[in-house]
Amino acid sequence: MSYLVIKGGHKLSGRIKVSGSKNTALPIIAASILNKGINILYNVPKILDVYCLLDILKYLGCKVYWKNGKLIIDSSKISNKELLIDEVKRLRASIILIGPLLTLFKEVTTFRPGGDIIGARSISVHLNSLKELGCEFEEKEVIKGVFKKLENDTVIMKESSVTGTETLLLFTSLIPKKIKIRLAATEPSVVSLCKFLQKLGVKIKGIGTPFLEIIGNKKLKKKVEFKIPPDPIEAGTYIALAGATKSNLVIENINEDELDAVFVIMKEMGFKYEVLNKKIKIKSNSLKGTKIQVGLYPKFPSDLQPPFGALATQAEGVTLIHDWMYENRFSYINELIYMGANAEILDPHRAIIIGPSLLKGKEIRSLDIRAGAALVIAGLIAEGETIIYEAEKIDRGYENLVEKLKGIGAKIEKLEK
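What you see is a predicted model; the values in this text were computed from it and never measured. (Residues numbered from 1 in each chain as written. Predicted model: local features only at pLDDT ≥ 70, side-chain atom pairs only at ≥ 80, totals over all residues. Heavy atoms only, no water.)

## As for the packing of helix H10 (residues 305–312) against helix H12 (residues 369–381)
And step 1. Put simply, H10 and H12 touch, their axes get as near as 7 Å, and they point 20 degrees apart. The orientation of H10 relative to H12 falls into the category roughly parallel. The handedness of the crossing between H10 and H12 is right-handed. Counted together, Pro306, Pro307 and Ala310 of H10 and Arg370, Ala371, Ala374, Ile377, Ala378 and Ile381 of H12 form the full contact between these two elements. (Axes fitted to C-alpha atoms, helices over the stretch in contact; angles between N-to-C directions. Helix = DSSP H or I, 4+ residues; strand = E, 2+ residues; numbered from the N terminus. Parallel < 35°, antiparallel > 145°, perpendicular 65-115°, else oblique. Left-handed = near helix turned anticlockwise from the far one by under 90°. Contact = heavy atoms within 4.5 Å.)

## Section: the sheet that holds strand S2 (residues 13–17)
And step 1. The mixed open sheet is built from 4 strands, whose spatial order is S2-S14-S16-S15. If you trace the sheet from one side to the other, it starts and ends with S2 and strand S15 (272–276), each paired once. Averaged over neighbouring strand pairs, the angle between their axes works out to 15 degrees when direction is ignored.
And step 2. In terms of strand pairing, strand S14 (residues 248–252) meets strand S16 (residues 279–283) through 4 bridges, oriented antiparallel. Within S16, the residue paired with Glu252 across the bridge is Lys279.
And step 3. Helix H8 (residues 232–244) rests against S2, S14 and S16 of the sheet, and its axis sits at about 175 degrees to S14.
And step 4. Here helix H9 (residues 260–269) sits on the sheet and contacts S15 and S16; the angle it forms with S15, its principal contact strand, is near 150 degrees. (Pairing = 2+ DSSP bridges.)

Put into structure tokens, the structure is as follows:
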């Protein structure tokens, strides 16, 4: 168990660099087992969720090592084992291994996945979509699946689930028949996974749209290299941090094309910023409240509403946040209220924050990855000392966060207990 000690109330300045995308790295790491060969990945974030997934791959027989900043996965000796290990229970993204294991070995046995408790995130969309293609499942605490033959060539997804879409892409990659996925998710992580699979030799049409056509390949390339793009959620977190602390920051290594919805909110709040050459310069400025409504890409991401909720405590006026995706994602607001925020959770999907509020340092706890990031921002705003317990949850999604924040002047330490 780790905790953070933050001394707040200081303006920050300087440059902070965004790492590789967590939500892209995880499905591509899962995809690396399909070719039973050498996969060389660049810009993979060294975060707990990545390490956890790599431990599962090692358990399955893959060789995994880091060399000169590259992650190398040799999946040539992979074997099918029952995934009845603790790492599966700890990692929500472990669900995406069902697809490649079923198409590789025709059967899979696994615990239900774990991860953040931010609301009901059923895996039924994954299993039901695979059932449409001919898979059969026994669903209890342990999930057992088998695949005998393809029963259908079209899947219409009930919801545009990101990991559900990725599961289908991984499953169909070894099937040499045209399969259509309709109402698929269009998030950047899905697009990157498609590009990685294309490098392996899978034919995919409709990338970036809700309508995908896949023709798999039984003989994938045995060696492939791929660079993980920068993390838009980490970039958005630093944007919220700059606005909340009224700091002049340069956020480097961004993909501006993935941040349109964030830029819209920034303009509404009155940010002074400039985007150029894969970086964004933010100037200190007073901000105003606005309405933030999350949605599926390219709308404002649910993963960024907690950091922007912390930012809203320092904006003039009312901010209304509507997050219809997860019913427990507002738990962090109770911690903000404890610190002095003028806020109220109206119902499981709506909250109101009135600012600016003078926050004071308290002892609080990180509830999940993004809530933890929001509370780090709150701690850096607050007067006095803030202690954030269960800080290891933040490490699941942010690479070297403490060191990066120290580099721009934050008074923050990470301790173990």
